[in-house]
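# Per-entry structural report
Residues per chain, in single letters:
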Amino acid sequence: MRNLKLIQHHCHDSKRAMGADHMSVSENNIYISANDALYIIDVNNDFEVDHVPLTEEGVSGVTGEQVAGLQYLMENDCLCVATVQGNIILYHKEVEVVGCVDTGIRAVSWSPDQELVVIATGSDTLIMMTKDFDPLTEVSMNPEEFGEAKPVTVGWGKKETQFHGSEGKQAAIIKTKTVEPAVAWDDKLPRISWRGDGQGFVVSTVNWTTGARQLRVWSRDCVLQATSEDVNSLEQAVSWSLTVVLLYTMGNYHWYLKQSIDCSATADDQIAVVEWDAEHALTLHIVFSGGKYVRNVYTWETCASSGLKSDDLTSVAVIDGDKLLVTPFRNMVVPPPMCAFHVQLPAFVQQVAFQSAPNTNDMAILLSDGRIAIYEPSGNLIASSQRKPNKHDIVFFESNGLRHGEFTLPFFVDEMKRGADAASHLHRLRVDASGVAIAATLPLEGAAVGVCHDAATGTTVVQQRGGVLTRYAADALTPWRANLPRECARAQLCRFRGDEVVLALTDRWRLYADDAELASNVTSFALHADFLLATTHTHACHCLPLATALGDVPALLAAATTGEESQRRVERGSRVVAVVADSTKVVLQMPRGNLETIHPRALVLATVRRHLDRLEFEPALLLMKKHRINMNLIYDHNPELFLNNVDAFVKQIDNVGNINLFLSELQEEDVTRTMYRTQHAIESRQGPHTVNNGMGKVDRICDAVRQALQNDDIDRFIMCILATHVKKAKPELHQALSMIKYLRDFPESGRVGADEAMKFLLYLVDVNELFDVALGTYDFELVMMVAEKSQKDPKEYLPFLNTLKKMETNYQRFSIDKHLKLYAKALPHLSKCGSSHLGELLDYVKEHKLYAEGLVLYCRGSEEYKVDLRFSIDKHLKLYAKALPHLSKCGSSHLGELLDYVKEHKLYAEGLVLYGRGSEEYKEIARIFAEELESCNKYEESAMMYCRCCEYERALHCFELTSNWQQLFCMAAKLHYDKEKLLDLAGRVSVKLRDERRHAEAAVVLMQYAGNVEEAIVELIDGCLWDEALRLMHLHNHTDIIETDLQPHVLEQHTSQINTVENLRVQFDRHVNRLAVVRAEKQKALFELEEREHANTANADLTIKRDSASGMSGMSGTRSSQYSAANSRISARSSKNRRKAERKKYSLREGSTFEDLALMDALAEITLSLDKMKDDVAPLLRALVQLGHDSEASCLQSSFDSLLKHTEKCQFEIWPLEGCAAAGAGSDQAL
């Protein structure tokens, strides 16, 4: 539903190009052949004409060259000229003949990709050549065969033998068809035309036998595909009227006449050549016989009324020759080519526009004869101008506020025929009873493209060539605040947050707001009162609020998410045709021409919010119901406004079904912050949904609506009132059943019966839940009503109800509440049943832990009962520590239970506090506490508890297990062990201490409790405690042990330390040397890796090697950063296990990935071991000197000192200064 609008008109008159016959167009030049010469028009240099003769000496050698075809070759930037005489000429600043066809050339055509050229020769053959003019094939132009696509018979027989139905036998007679020759004015020349994709071409030739024209379709390989049947009056492939060029478009299988170019019938003004530009769409080139050249640039536009109020019909006008097809989309959607009505005009329609205010449905129509006519929506003529401009004047005008009966300001611009640079004029028209006349004229500095007007602000802006914008006001022109970056086919004024801008769209889909680009993929746009609607190449329709900041628009248009309020998916290639004002309807046209009406969620919600702000609840609810908008928006949009006008809400809706629909969708969620979250909605919020008395949103609405319904008509809205009870957070089913019970007891009081109300209630509530609530009312008739209206089987409830009916009233209600699991509510009923049910009551209290309720009912009773009840209550409440004192007051009869309770809940400390230390209860609790600790392998604590309960033997055993020999012998003293038992005990303890390398303590036990001095001295010698051993030898006169035990042990330790030092030196040197080699290799690997990274990305293994190689500078990065994935798997381990897992990663195997790190760890361990050896070597050296082994002492001291200095010297080689901090804990300690 678009029209062609002329936006540029260039005209150049040159008598030198008279008699033009061919034309070709390039980016900068127009090539025209006339007579025996080329004429080149430079469109960038004031249309200067250059003349190139084709008959100069040495060019063709023949005078009177006649051109058969022209084609500009983009790849070679030259013009190819084919002459009738057979010459093929290339022109690029000079003329060059590149080939010749001896029989002459009758027609020539290049493929769309300019890779192939087909030439029709004078000998009726077709020659196909490459772009370099290398012949590919030559075939006859009029072959006798049909072609490869010849129809195949399916065996149905001849026409004479086929059944013809009602046509009768006469249909079987083969009728002879007379073939008529071509029309008299046919020039008999062949015509060649390529298919758009270049995969085939058609040749129109005259059959010399019949004299009629035939069409033959050829493939790209110049193979005949098909031949047309003989068709009478088949004309040349291209034939132009001499006086009028008619521009048609096709849509929905209908040809529309969109534009016409009227020319005079004089010889000089006859159209000679017409050609569409191959590179620029909708650009038409025309050459007249008199030498005049015209270039018209068109664009597509949708002509729709632009009113913003509900009285605007949103009419769209489509031009079709001398008819204007009009459809008011507010009232109906009529698919093209049909329309609601059409206006018959006295001449072809060139352009149409709608009035912008106040009568937005009136149309101004520009006719091909230059007149302007103004029509009402009904098609009645209001006024018409008498002016008939010169035949080549091009007139533009836009919708700019026509108002008949007054003098107003509609505008149009007029570009005269004097040339491309001639200035346009802006005319102010006067519309009155006498017609339309020009009231004032303003000259423009350049050629105009269009005019846009905003009726709301009265702003008028003229767009001129190059995107220059000029404001019109009071017959004066002033520059607009900014110019468009480029010339735009469509422009419209709009306001973003009150800032007025010119919104313009180019033919290359770029959308601008003044000089700022908003998007580069917009296919169409339209303005709503509150929104900018735009379709994009991402097949989405965006609805952007005009309240959006202009700077945020590009990001919103580029957003790819769908399903939100601001955008929705549309069919590929959809364009906006019309947006119905003050409505939600948007009409889109698909590429194939059909229409689709959508209601964008943004427009729907905006309309709903507008209705709610105006307290128009009924249209808002109906719109939400139609478009399935969540009804919570009625409240969430403005809670305070709704609650203050609930009465108006009820009165406007006035429909039980719609009110129930609103109530049924209520939920605590604030939909303006979730599913309908928009910036506008958030800003308009009146604060969070905090409600009075801690009441929730749904409860508050239900209470408010119920009150309004009761004030209006309680009998009519009984269903809605029931819904308000049921919909609350805690459904008030009792109240709802009470209302139904009232309807049952007083049926004449309301319009709705109890049965109907019960059915409605069962629709809202689960039948089983409602049955239980009815049962809780103790009204068996109401219970039966619920059961009968449900699908429950009578066998399920009748026996149960009959049993209840036979019970005493209190016990009946107790049974009902117990069945409903209302245990606390059932207890008072049971208490009223008398002493005969006391046992049942006590069991019931204990079973359901109703101690507090029982105490309230029975305040009097024995103290023991109260204590037992309090213990049971605290235990039930899991207040185990609080319950223990109550149990302790129950006497010795409960001691076993108390001990079990303490053990079960681990209340040992609390139990010990309750009893004196010497009491039997205290000892029992201490004993079980000790046993618990012993079972948990806490022997030290267990032994102490055994002491509390005087279990010294068991305490001794636990102290022995912990090697606490001091406390152990204390227990032995308390148990009065004899000498034999002490010796046995001392022997066991000394052996255990020796195994634990506690030699000094073992020596004390042997001396003090076993009385064995020699064994004590030997124990000290084994522990390398040389000084203490010598002291005891001299104290107890056992110096003979020096020669027998001390001397050999000291020398043995000397030999061991010497070997250890030598082994450590060998390992240290080997690791240092290997570390140097590994670092050198990894440095080389790192260098090679960095070289390869310039060409491609390294794989994962190389990346790991690079990370490890980066550590060979001494710090190797930080180890944890290289193994984050592994560390994440062992993060829950202890630090010891974590270090163990880290060490497993490092292998000293040559060539392993982390060999350098493993070597550094090994060297750190050697350094640490040397540091520890100092404590062993120092006393050994003293012992060697005291025993007279000076040479051995000197040897050990020099070897150890040499190794220490050697490791210290290599430290900076192993761990450079910049890597010391990251070398690891071991290396730090070693340094």
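Anyway, here's the lowdown on the structure attached to this text. (Residues numbered from 1 in each chain as written. Predicted model: local features only at pLDDT ≥ 70, side-chain atom pairs only at ≥ 80, totals over all residues. Heavy atoms only, no water.)

## Digging into the overall build of the protein chain
- Summing up its helical and strand segments, the protein chain has 39 helices and 49 strands in all.
- The proportion of buried residues among the 1231 residues of the protein chain is 46%.
- Split by element, the accessible area of the protein chain, about 61,400 Å² in all, is 50% carbon and sulfur. (Helix = DSSP H or I, 4+ residues; strand = E, 2+ residues; numbered from the N terminus. Buried < 20%, exposed > 50% of the residue type's maximum accessible area, 1.4 Å probe, protein only. Areas by Shrake-Rupley, 256 points an atom, 1.4 Å probe, with all protein chains shown as cover.)

## Things to note about the pairing of strand β6 (residues 67-73)
- A large share of β6 lies buried, amounting to six of its seven residues.
- As paired strands, β6 and strand β7 (residues 78-83) are joined by six bridges and run antiparallel to one another. When the bridges of β7 are listed, Gly 69 appears paired with Ala 82.
- Taking the residues that link successive antiparallel strands as the turn, the β6-β7 hairpin has four residues, and the phi of Asp 77 there is positive, at about 50°. (Pairing = 2+ DSSP bridges.)

## Some thoughts on a nonpolar patch on the surface
- On the surface, a cluster of nonpolar side chains totalling about 670 Å² of accessible area is made up of Leu 246, Tyr 248, Met 250, Tyr 253 and Trp 255.
- Relative to the assigned elements, Met 250 resides in strand β18 (residues 244-251). (Patch = residues over 30% accessible without salt bridge, like charges linked within 9 Å, V, L, I, M, F, W, Y side chains within 5 Å. Salt bridge = Lys/Arg side-chain N within 4 Å of Asp/Glu carboxyl O.)

## Brief notes about the nonpolar core
- Formed by 71 residues in total, the largest nonpolar core has its most connected members in Ile 634, Phe 642, Phe 649, Phe 662, Leu 737 and Met 758.
- Take this core: its biggest share by element is seven residues, from helix α10 (residues 718-726).
- Aside from chain neighbours lying at most four places away, what touches Ile 634 is Leu 612, Phe 617, Leu 621, Met 624, Phe 642, Phe 649 and Phe 662.
- Judged by nonpolar contacts, the second largest core, of 45 residues, contains Ala 1016, Met 1160, Ala 1164 and Trp 1215. (Core = buried A, V, L, I, M, F, W, Y, C linked by side-chain atoms within 4.5 Å. Contact = heavy atoms within 4.5 Å.)

## Side note on the packing of aromatic side chains
- By the definition in use, this model includes 11 aromatic pairs.
- Taking 4.9 Å as the distance between ring centres and 45° as the angle between the ring planes, the aromatic pair formed by Trp 194 and Phe 201 counts as tilted.
- Residue Trp 194 is classed as buried on the basis of its relative accessible area, which comes to 11%.
- Of the residues examined, Phe 201 reaches a relative accessible area of 2% and is grouped as buried.
- When the centroid spacing of 5.8 Å and the interplanar angle of 45° are considered together, the rings of Phe 642 and Phe 662 count as tilted. (Phe/Tyr/Trp six-rings, centres within 6.5 Å; stacked < 30°, edge-to-face > 60°.)

## With respect to unusual backbone geometry
- Cis rather than trans, the peptide bond between Pro 336 and Pro 337 has omega equal to 10°.
- You can see Pro 337 is positioned in the loop between β25 (323-328) and β26 (341-344).
- Within the chain, Cys 950 stands out as a residue other than glycine whose phi angle is a positive 65°.

## Regarding helix α11 (residues 733-745)
- Counted at 1.5 Å a residue, the expected span for α11 with its 13 residues is 18 Å, and the 18 Å between its end C-alpha atoms agrees.
- Structurally, α11 contributes buried residues whose contacts are with α10, α12 (754-764), α13 (767-776) and α14 (780-789). (Expected span 1.5 Å × (residues − 1).)

## Thoughts on the packing of α10 against α11
- Across the interface, α10 lies against α11 with an axial gap of 8 Å and an inter-helix angle of 155°. The orientation of α10 relative to α11 falls into the category roughly antiparallel. In this structure, α10 crosses over α11, and the sense of that crossing is left-handed. Contacts between α10 and α11 involve Ile 718, Ile 721, Leu 722, His 725 and Val 726 from the first element and Leu 733, Gln 735, Ala 736, Met 739, Ile 740 and Leu 743 from the second.
- Class assignment for the residues of the contact of α10 with α11 results in nine nonpolar, two polar and no charged. (Axes fitted to C-alpha atoms, helices over the stretch in contact; angles between N-to-C directions. Parallel < 35°, antiparallel > 145°, perpendicular 65-115°, else oblique. Left-handed = near helix turned anticlockwise from the far one by under 90°. Nonpolar A, V, L, I, M, F, W, Y, C, P; charged D, E, K, R; others polar.)

## Some remarks on a negative patch on the surface
- A surface patch of negative charge is lined by Glu 1014, Glu 1015, Asp 1022, Asp 1040 and Asp 1045.
- At the level of secondary structure, the elements contributing two or more residues to the negative patch comprise α30 (1013-1022) and α32 (1040-1092).
- A total of three residues in the negative patch trace back to one element, the largest contributor, which is α30.
- Checked against the element boundaries, Asp 1022 lands in helix α30.
- Looking at Asp 1022, the relative accessible area reads 38%, which means it is partly exposed. (Lys, Arg positive; Asp, Glu negative; His and termini not counted. Charge placed at Lys NZ, Arg CZ, Asp CG, Glu CD.)

## Topic: helix α31 (residues 1026-1035)
- Trp 1026, Ala 1029, Leu 1030, Leu 1032 and Met 1033 are the residues of α31 that are buried. Looking straight down α31, one finds its buried side chains confined to an arc of 165°; they lie on one side. In α31, the exposed positions angled more than 90 degrees off the buried face are occupied by His 1034 and Leu 1035.
- The inward-facing, buried residues of α31 abut α29 (999-1008), α30, α32 and α37 (1155-1186).
- Just beyond α31, the residue with positive phi is Asn 1037, at close to 60°. (Arc of directions from axis to C-beta.)

## With respect to the environment of Val 1004
- Looking at the secondary structure, you find Val 1004 in helix α29.
- Between the C-alpha atom of Val 1004 and that of Ser 990, which follows or precedes it by 14 residues, the distance is 8.8 Å.

## Some remarks on the side chain of Asp 713
- Relative to the helices and strands, Asp 713 resides in helix α9 (residues 697-713).
- Taking the relative accessible area as the measure of exposure, Asp 713 reaches 19% and is therefore buried.
- A polar side-chain atom of Asp 713 sits 3.2 Å from the main-chain amide nitrogen of Arg 716. (Polar contact = N/O pair within 3.5 Å; in protein donor to acceptor, adjacent residues only side chain to side chain.)

## Describing the sheet that holds strand β20 (residues 271-276)
- Spatially, four strands are ordered β1-β22-β21-β20 in an open sheet, and the strand pairing comes out antiparallel. Pairing within the sheet leaves two strands with one partner each, and these edge strands are β1 (3-13) and β20. For this sheet the average axis-to-axis angle between neighbouring strands, irrespective of direction, equals 20°.
- In terms of strand pairing, strand β21 (residues 283-288) meets strand β22 (residues 292-301) through five bridges, oriented antiparallel. From the neighbouring strand, Leu 284 faces β22, where its bridge partner is Asn 296.

## Re the packing of α29 against α30
- Orientation of α29 relative to α30, taken along the N-to-C sense of each, is 175°, at an axis distance of 8 Å. As summarised for this structure, α29 and α30 are arranged roughly antiparallel, according to the angle between their axes. Where α29 abuts α30, its residues His 999, Ala 1000, Ala 1002, Ala 1003, Leu 1006 and Met 1007 lie against Val 1013, Glu 1015, Ala 1016, Glu 1019, Leu 1020 and Asp 1022.
- Residues of the contact of α29 with α30, tallied by class, amount to eight nonpolar, one polar and three charged.

Any link to function would need more than the numbers given here.
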